[in-house]
Amino acid sequence: MMRIESWIIITTICATLFQSFLTAKSVPEAHKIINLPGQPHVSFHQYAGHVTIDEKQQKALFYYFVEAETKVASKPLVLWLTGGPGCSSIGSGALMENGPFRPSGDILIRNEYSWNKEANMLYLESPAGVGFSYHANKSSYNSVNDEITARDNLAFLKSWFTIFPEYKKRDFFITGGSYAGHYVPQLAQLILQSNMRFNLKGIAIGNPLLEFNTDFNSRAEYWWSHGLISDSTYEGFTSLCNFSQIFRSQSIQNVPLSPVCSKVATEYSREVTKFIDIYDVTLDVCLPSIVSQSKMLNKLVNLELTLHDKWNIDVCEEEEITKYLNRKDVQVALNAKLIGVSRWNMCSDVINYELQNLEVPTIHLLGMLAKSGIRVLVYSGDQDSVIPLIGTRKLVYELAREVGLKITVPYRPWFEGKTDSWFGHKFTETFYLLPPLEELGMEFHLHSQRGHLSCLRDFYQESRYQKHSFELS
Ligand SMILES: *[C@@H]1O[C@H](CO)[C@@H](O)[C@H](O)[C@H]1NC(C)=O
Ligand SMILES: *[C@@H]1O[C@H](CO)[C@@H](O)[C@H](O)[C@H]1NC(C)=O
């Protein structure tokens with residue numbers, strides 16, 4: 001089996017290289033970025049612009065595309081989708097987490113661990129109404145859901161591949177975190193159903209929302225095991241009123257909490273004060289540690305919003321990015337237009353996302369994808385208490401049991417840069433669970449970037465998953 005896979009990978013790489021020799025570079029010069037204001041000199045190409053997905057309705061999605069730093073033609077194409085729902089992949093994905101630059105005052109500084117060291121990175125602002133993406137018919141913003149998001153993302157990809165035909169046959173991966181636990185597998189499923197596979201090879205999702213009850217109820221154990229709440233409050237969450245109930249009442253159904261739930265919620269709020277960063281419990285507050293997509297998920301709970309006062313604290317990095325993307329010269333350089341909104345926002349304040357969608361489980365899509373030969377990587381950072389690893393790990397093991405995935409590589413430590421001590425669990429051929437490592441936090445842009453980058457590289461190449469049957473480079 002190992003041997004066969006190796007051949008497939010070798011064949012694919014040869015085909016990719018061969019193709020790159022044949023294809024004359026046909027790039028959309030109009031979308032080419034000459035220079036982003038304040039950026040250092042770089043040798044890779046960048047593109048950005050709107051791609052119309054519905055001519056009649058004047059609906060267009062905005063993308064930012066960064067070619068790989070080296071060996072462009074042999075590196076995969078990776079689409080990054082930020083979750084939210086409704087947050088920007090360019091703001092919180094490219095400029096905060098894994099793109100080549102980060103705003104600092106008036107200039108952009110290099111991100112040493114940018115994912116474009118390993119891939120050609122495509123950042124998409126989606127659905128329409130997020131960032132620079134728009135729909136001229138604004139009444140469509142009143143009701144946006146997962147189905148619309150996935151459909152529009154697919155329509156975008158179809159058009160994008162006609163603009164960049166040389167990427168059509170390239171190994172293609174879809175990645176994202178948090179609420180992208182919905183976006184990513186749903187788009188992958190639609191791609192498979194549409195008979196337009198492109199060259200979809202895999203998906204990778206970090207601290208993903210996969211199943212409402214399990215994910216949100218795991219917060220209690222997480223808080224308790226990290227010393228954030230008392231035994232009695234934990235007891236309250238487990239025996240009186242679980243967190244998913246509180247979340248559902250407050251954010252989805254908009255009904256008042258029952259007295260007993262209210263009591264648990266109050267206890268919790270008193271203990272987990274605003275001095276704890278729930279997105280990275282190991283950090284001090286007011287560090288640029290907030291990934292906005294997870295922030296949105298949490299914003300939905302009024303209780304935490306008001307009692308934590310998070311919004312007034314965690315502004316550092318987000319503010320820099322918002323300022324940068326609202327500069328006129330930056331928008332001109334990006335070929336960006338603001339349509340129907342007066343400014344660019346990290347998370348949309350014009351769309352009304354149907355929050356019942358949060359309760360739609362996506363865990364089973366992962367099983368379906370794995371069975372269809374799509375590589376699935378689920379990874380969790382240990383600092384994130386918004387979608388804690390405890391729930392994710394439980395869901396992944398349950399799924400593996402249900403669909404009959406066997407463990408082929410045992411749980412093991414992970415050392416960056418070593419070929420044999422790799423990581424956690426590999427299930428039959430296509431399904432991976434990365435163990436919770438402090439190194440792989442939600443806040444990749446801080447102390448965890450390096451580990452994350454090499455983890456992704458190995459995932460694209462699949463070489464280390466096979467215990468270095470061969471090395472690609
Ligand atoms: C605008 O969108 C709404 C809601 O999706 C739809 O009902 C309406 O027909 C659209 N208007 C036009 C002019 O297409
Ligand atoms: C959460 O509480 C509700 C109401 O008591 C219950 O129906 C549900 O099963 C609980 N969920 C979990 C995962 O324990």
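### Considerations on the overall build of the chain
Helix and strand counts for the chain stand at 16 helices and 13 strands. Across the 473 residues of the chain, 50% fall into the buried class. The long-range fraction of contacts in the chain, counting pairs at least 24 apart against all pairs at least 6 apart in sequence, stands at 73%.

### Considering the site of ligand 1
In the vicinity of ligand 1, the contacting residues are Gln57, Asn137, Ser139 and Ser140. Here the residues of the shell around ligand 1 are counted per class, giving no nonpolar, four polar and no charged.

### Brief notes about the site of ligand 2
Surrounding ligand 2, one finds Asn213, Asn217, Asn242, Ser244 and Gln245. Within the residue set of the shell around ligand 2, elements represented by two or more residues are α5 (212-225) and α7 (243-252). A class-by-class count of the residues in the shell around ligand 2 yields no nonpolar, five polar and no charged.

### What about the pairing of strand β1 (residues 46-54)?
Looking along a regular strand, one sees the side chains alternate between the two faces of the sheet. Sheet topology note: the β1/strand β2 (residues 59-66) ladder contains eight bridges and is antiparallel. Bridge pairing in β2 links Thr52 to Ala60. Between the end of β1 and the start of β2, which pair antiparallel, lie four residues, with Gln58 showing a positive phi angle near 50 degrees.

### Observations regarding helix α15 (residues 389-403)
With 15 residues, α15 extends 21 Å between its outermost C-alpha atoms, agreeing within 8% with the 21 Å of an ideal straight helix rising 1.5 Å per residue. Inspection of α15 places Leu389, Ile390, Gly391, Thr392, Leu395, Val396, Leu399 and Ala400 among the buried residues, and these make up the whole buried set. Positive backbone phi, at 75 degrees, marks Gly404, one or two positions downstream of α15.

### Let's talk about the packing of helix α6 (residues 231-240) against helix α8 (residues 259-271)
Between two packed helices, the angle of one axis relative to the other and the distance separating the axes together describe the packing. Interhelical geometry of α6 versus α8 gives an angle of 150 degrees and a closest axis separation of 9 Å. One element, α6, and the other, α8, form an angle in the roughly antiparallel class. Classified by chirality, the crossing of α8 by α6 is left-handed. Here α6 contributes Thr233, Gly236, Phe237 and Leu240 to the contact with α8, which in turn contributes Val260, Val264, Glu267, Tyr268 and Glu271. Taken together, the residues that form the contact of α6 with α8 break down as five nonpolar, two polar and two charged.

### Some points on the nonpolar core
In this structure, Tyr63, Leu122 and Ile203 are the most contacted members of the largest nonpolar core, which totals 90 residues. Ignoring any residue separated from it by four or fewer positions in sequence, one finds Tyr63 in contact with Ala48, Gly49, Val51, Leu122, Tyr123, Leu124 and Trp160. One finds Phe216, Ile229, Ile246 and Ala265 within the second-largest nonpolar core, a separate group that totals 18 residues.

### Observations concerning helix α2 (residues 89-98)
Of all ten residues that make up α2, ten are buried, and the element is covered over most of its length. For α2, the set of buried residues is Ser89, Ile90, Gly91, Ser92, Gly93, Ala94, Leu95, Met96, Glu97 and Asn98.

### Quick look at unusual backbone geometry
Residue Pro85 is bonded to the preceding Gly84 through a cis peptide linkage, with omega at 0 degrees. Within the element layout of this structure, Pro85 appears in the loop between β3 (77-81) and α2. Omega for the peptide link from Ser126 to Pro127 comes to -5 degrees, which places this bond in the cis form. Among the structural elements, Pro127 can be located in the loop between β6 (120-125) and β7 (134-135). Notably, Phe198 is not glycine yet its phi reads approximately 50 degrees, a positive angle. Mapping Phe198 onto the fold places it in the loop between α4 (180-193) and β9 (200-206). Residue class for Phe198 comes out buried when judged on the 20 C-beta atoms lying within 10 Å of it. Unusually for a residue other than glycine, Asn254 sits at a positive phi of about 55 degrees. Topologically, Asn254 is positioned in the loop between α7 and α8.

### What about the confidence of the model for the chain?
Low-pLDDT portions of the prediction should not be read for the details of their coordinates. Per-residue confidence for the chain averages 79 on the pLDDT scale, and 71% of its residues sit at or above 70. Scored below 50 in pLDDT, residues 301-315 shows 20 contacts in the model against residues more than four places distant or in partner chains. In the model, residues 435-448 has pLDDT below 50 throughout and makes 48 contacts with residues more than four positions away in sequence or in other chains.

### Some points on the environment of Lys371
Mapping Lys371 onto the fold places it in helix α14 (residues 363-371). Using a count of 16 C-beta atoms within 10 Å as the deciding quantity, one classes Lys371 as partly exposed. Spatially, the C-alpha atom of Lys371 lies 9.9 Å from that of Gly404, the residues being 33 residues apart in sequence.

### Some words on the pairing of strand β10 (residues 375-379)
Counted residue by residue, β10 has five buried out of five residues, so it is predominantly covered. Note that β9 and β10 share five bridges and pair parallel. The residue of β10 that forms the bridge with Gly202 is Arg375.

### A word on the packing of α14 against α15
At a closest axis distance of 10 Å, the pairing of α14 and α15 adopts a crossing angle of 50 degrees. As the angle between them shows, α14 and α15 are arranged oblique. Pair α14 / α15 crosses with right-handed handedness. Of α15, the residues touching α14 (which contributes Ile363, Leu366, Gly367 and Lys371) are Leu395, Leu399, Glu402 and Val403. Across the contact of α14 with α15, the residue classes break down as five nonpolar, one polar and two charged.

Basis of the calculations
Residues numbered from 1 in each chain as written. Chains lettered and ligands numbered in written order. Predicted model: local features only at pLDDT ≥ 70, side-chain atom pairs only at ≥ 80, totals over all residues. Helix = DSSP H or I, 4+ residues; strand = E, 2+ residues; numbered from the N terminus. Buried ≥ 20, exposed ≤ 12 C-beta atoms within 10 Å, placed from the backbone. Contact = placed C-beta atoms within 7 Å. Near = placed C-beta within 6 Å. Nonpolar A, V, L, I, M, F, W, Y, C, P; charged D, E, K, R; others polar. Pairing = 2+ DSSP bridges. Expected span 1.5 Å × (residues − 1). Axes fitted to C-alpha atoms, helices over the stretch in contact; angles between N-to-C directions. Parallel < 35°, antiparallel > 145°, perpendicular 65-115°, else oblique. Left-handed = near helix turned anticlockwise from the far one by under 90°. Core = buried A, V, L, I, M, F, W, Y, C linked by C-beta atoms within 7 Å. pLDDT = per-residue confidence, 0-100.

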